[in-house]
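Take a look at the letters that make up each chain.
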Amino acid sequence: MSNYITTPIYYVNGEAHIGHAYTTFIADAIARHSRLIGEETYFLTGTDEHGQKIEESAAKNSKPTQEFADEISATFKNLWDEFNISYDQFIRTTDEHHKRGVQKAFEVMYAKGDIYKGHYEGNYCVSCETFFPKTQLIDDEFCPDCGRSTSTVKEESYFFKLSEYEDRLLAYYEAHPDFILPKSRRNEVINFVKGGLHDLSVTRTSFTWGVKLPKSLNDDKHVMYVWLDALLNYITALGYGDDEAKMDLWPANIHFVGKDILRFHAIYWPAFLMSLDLPLPKHIGAHGWWTRDGEKMSKSKGNVIHPKDVAEAYGLDNLRYFMMREVPFGQDGDFSQRAFIDRINSDLSNDLGNLLNRIIGMSGKYSEYIIDSKDVEKYHSKELQQMKSVLDSLDKYLDEIQMHRYLEELWKLFSIGNRAIEEHAPWVKIKNGQKDQALATVALIANILAKASLRLHGVMPETTKKIATALGFEMSSRYYKELILDDELLNTFTIEKVPPLFPRVDEPLIAEAPKAMPKADKQESENQEQKNEDNLITIDKFFETSLKIGLVVEAQEVAKSKKLLKLQVDVGEDKPRQVVAGIKEFYSPDELVDTQVCVVANLKPAKLMGMLSEGMLLAAKDSDGLSLIRPEKPKKIGTDIK
Ligand code: MSP
């Protein structure tokens, strides 16, 4: 079975940012995993270069459009190359073979009667490259998706009979419940289709930067609508309408997209494919939107995160891990250096890195770096059993692209390893002359690390290769088969010393202040700096604190403490957080339960009287006593306080 995986093709009107890197990392992780397990894999990425938006951006930069597109497209390609993204093809919609394929597809749809000529009257949002009927606009003018002003368009246009595909699309969603991932996004697509589909204008006459209509139509006033052109990249990359050599890779297994372009992929694209009599992709995986410290990223705010800066400062694999672990696939995520640092120090350095360091140290001390797995089953059948059940549970998360759950589950292996070391204390066994038992524990840990790294390879390719080198095996399909599929243990093997993989990080490594600052903001920022000297903070400093609306779901007195209450506060995450607060003199547990509070949500967890506290409540205290700060009206749990 082949596994064809794609990213969206990126518009060439600006440089890659962290959101683009995210989709590309996930797709790369899936592609690498797929190759490791021995599947035929094809991974496509590229750039989307036509349309009014690009034409206008080039004009603003006083460059010929093609030259402008060449330059920006190269910045994407170079970045992916520096990031070692394992794409098999980087397609550009200005590639001649792509244009030929698009024209061919247009011809086929036209010949079938799915495209007809008419007149378009309505509004167009250049930023979203989308037409909107008047009824959908905000205040008769603004784009319902991005809020920008739209322009009124009245022009001759070819239309695709999208309205005729409503029933077939609905039937398809019904029959393929996992077509749209995560499944929670399915309904929004279904409801959109049920709301009625208008025929889609698929050509424009008001600008020229696009694929021309096929010669057979003899109509050179028109160029193709950029989304028709762009979506077709997924098949023109395989040679559709040209040299069709790779078309046997179709249908794609998964198109990764951001939630903002789900509609194009889950409605228009399937309808185009139905019209072309081609099978539909198996999945559309729609991820959420990344913000920075709670703020939408935009050039004008100057708070765009440059993935290269972050990768250089913190390590590329660490960045990949953080992005895939931190945010449930499909949900919006926030990029904060604090959260990133916590993940590095706790998950990577403590859980994984320490285990590796310990095993290197112990194997050196006890057996001159030679490990033999023959006694593992004898002394560690319990751990082997636990390890197997974790490993067996992983595929279901991968199938649904729940990368954060996948990694969370995978990390249980390191707990099993760390527990085994504590319970079996190999250093005691050595002292007691039970060397075979001590070495069995060391071998167990080495096997845990080996198996875990085979399953972590897609997400952290370079790191896992280093772990494999340290443990004396290779990241290869052969070892995947032996250690994961056949559940074997490594035979006798030699440990190689490697430097610690995850040095701890104490402070943010890149400037919190926006990097590329627009001129207009520069003066402002200089003013801010001046103000700093007066003990004022910048807005960025303020946004380092994540404040959220929480609901107290449980409250208890802490015995022996005059001041402390132990609360469970729901801040919209998987489970409530425990907050230990010094408010006992002012509130009873009963009057707190079911009330809303304001929580500082990104404080380093601390221990108070031995109890973990994972947040702080906002309160004001004066000589009259203490009062919690609460929203004036109840707000949705987890809402950010700005
Ligand atoms: N060119 C179209 C896609 C055509 S695919 C046939 C496009 N390009 S884009 O450059 O604007 O966006 C590419 C991808 O980046 C989209 O999936 C979009 O969701 C994603 N992101 C852009 N900003 C983002 C964040 N801030 N966070 C996460 N992803 C975001 O759309």
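Just so you know, these numbers come straight off a predicted model, no measurement behind them.

The rules behind these values
Residues numbered from 1 in each chain as written. Predicted model: local features only at pLDDT ≥ 70, side-chain atom pairs only at ≥ 80, totals over all residues. Heavy atoms only, no water. Helix = DSSP H or I, 4+ residues; strand = E, 2+ residues; numbered from the N terminus. Buried < 20%, exposed > 50% of the residue type's maximum accessible area, 1.4 Å probe, protein only. Lys, Arg positive; Asp, Glu negative; His and termini not counted. Salt bridge = Lys/Arg side-chain N within 4 Å of Asp/Glu carboxyl O. Polar contact = N/O pair within 3.5 Å; in protein donor to acceptor, adjacent residues only side chain to side chain. Contact = heavy atoms within 4.5 Å. Pairing = 2+ DSSP bridges. Phe/Tyr/Trp six-rings, centres within 6.5 Å; stacked < 30°, edge-to-face > 60°. Lys NZ or Arg CZ within 6 Å of the ring centre and 35° of its normal. Near = heavy atom within 4 Å. Areas by Shrake-Rupley, 256 points an atom, 1.4 Å probe, with all protein chains shown as cover. Nonpolar A, V, L, I, M, F, W, Y, C, P; charged D, E, K, R; others polar. Axes fitted to C-alpha atoms, helices over the stretch in contact; angles between N-to-C directions.

**Some remarks on the side chain of K429**
Inference 1: Tracing the backbone through its elements, the reader meets K429 in helix α17 (residues 426-431).
Inference 2: Buried charge without a salt bridge: K429, with E423 as the nearest opposite-charge side chain at an N-O distance of 9.0 Å.
Inference 3: Looking at K429, its side chain comes within polar contact range of the main-chain oxygen of H424, at 3.1 Å.
Inference 4: When neighbours within four sequence positions are excluded, K429 is seen to be in contact with H424, Q434, K435, Q437 and A438.

**Here we look at the pairing of strand β21 (residues 596-600)**
Regular strands have side chains that alternate between both faces of the sheet.
Inference 1: In terms of residue burial, β21 counts as a mostly covered element, since five of its five residues are buried.
Inference 2: Side-chain alternation along β21 places Q596, C598 and V600 on one buried face and V597 and V599 on a second face that is also buried.
Inference 3: In terms of strand pairing, β21 meets strand β24 (residues 616-617) through two bridges, oriented antiparallel. Residue V600 lies in a different strand from β24, and its bridge partner there is M616.

**What about the packing of aromatic side chains?**
Aromatic rings in a pair are described by how distant their centres are and how their planes are angled relative to each other.
Inference 1: What the rule picks out here adds up to 33 aromatic pairs.
Inference 2: Measuring from centroid to centroid gives 5.5 Å for F473 and Y479, while their planes differ by 65°, and the two rings are edge-to-face. The pair F473 / Y479 is uniform in exposure class, with both members buried.
Inference 3: One aromatic cluster is present, built from ring pairs that chain together Y22, W290, Y314, F322, F335 and F340.
Inference 4: For R204, the ring lying beneath its charged end belongs to Y124, and the centroid distance is 4.1 Å.

**Regarding the environment of E71**
Inference 1: By the element assignment, E71 lies in helix α3 (residues 65-82).
Inference 2: A C-alpha to C-alpha distance of 8.5 Å links E71 and V12, two positions 59 residues apart in sequence.

**What about the site of the ligand?**
Inference 1: Neighbouring residues of the ligand: 22 residues in total, closest I9, D48, G258, D260 and W290.
Inference 2: Within the side chain of D48, one N or O atom sits 2.7 Å away from a nitrogen atom of the ligand.
Inference 3: When the free accessible area of the ligand is taken as 660 Å², the share hidden by the protein chains comes to 94%.
Inference 4: Elements that contribute at least two residues to the shell around the ligand include exactly β1 (2-11), α1 (18-36), α7 (226-231), α8 (233-236) and β11 (254-258).
Inference 5: If one sorts the elements of the shell around the ligand by residue count, β1 sits on top with four residues.
Inference 6: When grouped by side-chain class, the residues that make up the shell around the ligand number 12 nonpolar, eight polar and two charged.

**Quick notes on the sheet that holds strand β8 (residues 200-201)**
Inference 1: Strand order in the open sheet formed by four strands is β5-β4-β6-β8, and the pairing between neighbours is antiparallel. In the strand order of this sheet, the two ends are held by β5 (130-132) and β8, each with one partner.
Inference 2: Pairing of strand β4 (residues 115-125) with strand β6 (residues 151-160) involves 10 bridges; the strand directions are antiparallel. When the bridges of β6 are listed, Y120 appears paired with E155.
Inference 3: Set on the sheet, helix α9 (residues 262-275) makes contact with β5, β6 and β8; between it and β6 the angle comes to about 35°.

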